[in-house]
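# Chains, contacts and geometry: an overview
Listed below are the residues making up each chain.
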Amino acid sequence: MLARTFSRVRPRASAPATDAAVKIAVRELTVHYGSTLALDDIALDVPAHRVTALIGPSGCGKSTFLRCLNRMNDHLPGARVGGQVTIDGDPVYDPAVDPVALRKRVGMVFQKSNPFPKSIFDNVAFGPRIHGERDPVRLREIVERTLHQAALWDEVRDRLDRSALELSGGQQQRLCIARALAVGPEVLLMDEPASALDPIATAKIEELIHELKAAYTIVIVTHNMQQAARVSDLTAYFYLGRLIEVGPTERLFTNPDRPETEDYITGRFG
Amino acid sequence: MPVHTDRTYDQQLGQLRTAVLEMGGLVEEQIGQAIRALIGRDAALARATIARDDTVNRFDVEIDDLCLKLLALHQPAARDLRLITTALKITTDLERVGDLARHIAERAVELAADLPIKPYIDIPRMADLARDMLHRSLDAFVQEDPELALGVCGSDDEIDKLHEQLFRELLSFMAEDPRTVSRAMRLLFVSKSLERVGDHATNIAEMVIFMVKGRMIRHLDTVPRDLN
């Protein structure tokens, strides 16, 4: 079925490669930066409670695609987004949608960990406070739960009032994941979340991704193909603004349909 | 196909292909030589064949080493990954074929002293078939030709039939004249070995299909007619 869908030069819509329900449906998504076409007619279904990895060389549009899912491209001057993105059927680009409310549903973790120069506690409590949570007991519960979820609790439980900047790089990144989880998102977008981390910190993040997918839908951009192979259920290969192929990770890394994908994942590139 | 950005990797994959081929050629030659020794009652040639099995075994170890190195250092994917896993499995089959050649040569040494119980007709035919299957499966490997490989899978029946036929014939020899038992049994071992060579060639061909198409056709009840 996949082979049939993607034997065409320009895949229009991806069959979900898993039997999971579609969480995010993207159709005819096109992004321009000024006169540059950054994404060209992308169709992709992101399955719920699965990890979808976006791979491809620099400039292929994978980060642009990720940022479309929570309208992070809105703020870029000259960026124009066309097409449809829906989350559980709700249109993301409807003028009535409040981007702040959208980003509560669709959280994001960045390449460089970016904790606020505040205490560990305040970093995690930041989002819930913004969204109106004032009850200290409830805040404490949220902080503890999300630090647990981010596999950081045991390392910071006795120093929640210390500055987040004292944490190691790997801990800071997990703190940022906890911070993203604290507002109760449904989708977690991760843009190269482990590229600045050492192998052990990376392994912790990857283990965490495995655990988080039970509760969240995860989309991850990574330059590290082995990482995509390790953590994801579904892999999408982008090249020059186009979605070349998407399929179950296991199949994509052993027997991809498209020669472009084959060349990229085997290192025959450029 | 474009070359790898990492040229050393490309070279090592090339080395791997060459080594598998060399090993295959050697093993094919071993079978031929063992059969020649048997038919010509040439104990010296048989012993030379037995001695050369060491070289086959060294190939097996070296190719495994190279595969492990490639797996550990390059995290191969897609067709490269399939080439390496195929090489790992093919060499196991080739090494077994080498052992079978040695077994045949050992029987040839034993049989060299006695007069043959009958003219050898089916055994050379089986040997030709087995070598041809092996040869074609290796050609399919080099040429990455799944159709050629599929043809090999279809030819195993013929060897199996010859083996059956020889089995019945040798049985009747033994029943008629118990003095032929030891020679007939040895010939039966040779026949069984050749039949096994056909099985190994089939395994190799099946792995070639996997390597090229990413499709496993092993352990299916029937050989697929085509691959599309």
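Here is a short report on the structure shown in this document. (Residues numbered from 1 in each chain as written. Chains lettered and ligands numbered in written order. Predicted model: local features only at pLDDT ≥ 70, side-chain atom pairs only at ≥ 80, totals over all residues.)

## Section: the overall build of chain A
On a plain count of helices and strands, chain A comes out with 11 helices and 10 strands. Here chain A has a C-alpha radius of gyration of 19 Å; the compact-globule value for 270 residues is 18 Å, and the two agree. Oriented by its inertia axes, the alpha-carbon framework of chain A measures out at about 55 × 45 × 35 Å. Partitioning the intrachain contacts of chain A with sequence separation of at least 6 by distance along the chain shows that 69% fall at a separation of at least 24. (Helix = DSSP H or I, 4+ residues; strand = E, 2+ residues; numbered from the N terminus. Rg over C-alpha atoms; globule rule 2.2 N^0.38 Å. Contact = placed C-beta atoms within 7 Å.)

## Thoughts on unusual backbone geometry
Excluding glycine, residues mostly have negative phi values, and the peptide bonds linking residues are mostly trans. All names here are of chain A. Notably, His49 is not glycine yet its phi reads approximately 55°, a positive angle. For His49, the position within the fold is in the loop between β2 (36-47) and β3 (51-55). With 17 C-beta atoms counted inside 10 Å, the residue His49 sits in the partly exposed group. The backbone of Ala151 shows a phi angle near 55°, a positive value even though the residue is not glycine. Relative to the helices and strands, Ala151 resides in the loop between α5 (136-149) and α6 (153-156). Residue Ala151 is classed as partly exposed on the basis of its C-beta count, with 18 C-beta atoms lying within 10 Å. (Buried ≥ 20, exposed ≤ 12 C-beta atoms within 10 Å, placed from the backbone.)

## Quick word on the sheet that holds β3(A)
All names here are of chain A. With mixed pairing, the 6 strands of this open sheet are ordered in space as β6-β7-β8-β3-β9-β10. Where the open sheet ends on each side, the last strands, each with one partner, are β6 (106-109) and β10 (242-248). Taken pair by pair, the neighbouring strands of this sheet meet at an average axis angle of 20°, ignoring direction. Pairing between strand β7 (residues 187-191) and strand β8 (residues 217-221): 5 bridges, direction parallel. Bridge pairing in β8 links Leu189 to Val219. Contacts from helix α7 (residues 169-181) reach β6 and β7, with the element oriented near 170° to β6. (Pairing = 2+ DSSP bridges. Axes fitted to C-alpha atoms, helices over the stretch in contact; angles between N-to-C directions.)

## Quick notes on the environment of A:Gly184
Residue placement: A:Gly184 occurs in the loop between α7 and β7. C-alpha separation for the pair A:Gly184 and A:Pro128, spaced 56 residues apart in sequence, amounts to 8.7 Å.

## Quick notes on the packing of helix α1 (residues 7-39) of chain B against helix α3 (residues 78-112) of chain B
Residues and elements named next belong to chain B. Relative to each other, α1 and α3 sit at 15°, their axes nearing to 9 Å. With respect to their mutual orientation, α1 and α3 come out roughly parallel. Note that α1 runs across α3; the crossing there is left-handed. Grouping the constituent residues of the contact of α1 with α3 by class yields 20 nonpolar, 4 polar and 2 charged. (Parallel < 35°, antiparallel > 145°, perpendicular 65-115°, else oblique. Left-handed = near helix turned anticlockwise from the far one by under 90°. Nonpolar A, V, L, I, M, F, W, Y, C, P; charged D, E, K, R; others polar.)

## Points about the sheet that holds strand β1 (residues 22-33) of chain A
All names here are of chain A. Strand order in this open sheet of 4 strands is β2-β1-β4-β5, and the pairing throughout is antiparallel. Taken across any chain shown, the strands that pair with only one partner, and hence form the sheet edges, are β2 and β5 (90-91). Sheet topology note: the β1/strand β4 (residues 79-87) ladder contains 8 bridges and is antiparallel. The partner of Tyr33 across the bridge, within β4, is Ala79.

## Brief notes about the interface of chain A and chain B
Of the residues lining the interface, 13 residues belong to chain A; the matching set on chain B comes to 16 residues. Those elements that place two or more of their residues in the side of chain A that touches chain B are α10 (249-254) and α11 (259-265) of chain A. Tallying contributions element by element places α11(A) first for the side of chain A that touches chain B, with 3 residues. Taken together, the residues that form the side of chain A that touches chain B break down as 4 nonpolar, 6 polar and 3 charged.

## So, the pairing of β6(A)
All names here are of chain A. Both faces of β6 are covered, namely the face carrying Val106 and Met108 and the face carrying Gly107 and Val109. Relative to β7, β6 runs parallel, the two sharing 4 bridges. Bridging across to β7, Val109 finds its partner in Met190.

## Some remarks on the nonpolar core
Generally speaking, soluble globular proteins have nonpolar side chains that are buried together. Ranked by internal contacts, the top residues of the largest apolar core, which has 140 residues, are B:Ala34, B:Ala130 and B:Val208. Beyond its immediate stretch of four places on either side in the chain, B:Val208 contacts B:Thr86, B:Ser137, B:Ala140, B:Phe141, B:Pro146 and B:Ala149. (Core = buried A, V, L, I, M, F, W, Y, C linked by C-beta atoms within 7 Å.)

## Concerning α7(A)
All names here are of chain A. Between its terminal C-alpha atoms α7 stretches 18 Å, which fits the 18 Å expected from 13 residues at 1.5 Å a residue. Within α7, 12 of the 13 residues are buried, leaving the element largely enclosed by the surrounding structure. Within the sequence span of α7, burial applies to Gly170, Gln171, Gln172, Gln173, Arg174, Leu175, Cys176, Ile177, Ala178, Arg179, Ala180 and Leu181. Looking at the buried residues of α7, the elements they touch are β6, α4 (120-130), α5, α6, β7 and α8 (199-212). (Expected span 1.5 Å × (residues − 1).)

## A few points about α8(A)
All names here are of chain A. Between its first and last C-alpha, α8 extends 20 Å over 14 residues, near the 20 Å set by a 1.5 Å rise per residue. The set of residues buried in α8 consists of Ile205, Leu208, Ile209 and Leu212. Here the buried residues of α8 occupy an arc of 105° about the axis, which is enough to place them on one side. In α8, the exposed positions that point more than 90 degrees away from the buried face belong to Pro199, Ile200, His210 and Glu211. In this structure, the buried side of α8 is in contact with β3, α5, α7, β7, β8 and α9 (225-231). (Arc of directions from axis to C-beta.)

## Observations regarding the packing of helix α4 (residues 122-143) of chain B against helix α7 (residues 181-213) of chain B
The relative placement of two packed helices comes down to the angle between their axes together with the axis-to-axis distance. Residue and element names in this part refer to chain B. Where α4 contacts α7, the two axes come as close as 9 Å, and the packing angle between them is 15°. Judged by the angle between their axes, α4 and α7 are roughly parallel. Two packed elements cross with a definite hand, and for α4 against α7 that hand is left-handed. On the side of α4, the interface is formed by Ile123, Met126, Ala127, Leu129, Ala130, Met133, Leu134, Ser137, Ala140 and Phe141, while α7 contributes Leu187, Val190, Ser191, Leu194, Val197, Gly198, Ala201, Ile204, Ala205 and Val208. Its residues placed into classes, the contact of α4 with α7 shows 17 nonpolar, 3 polar and no charged.

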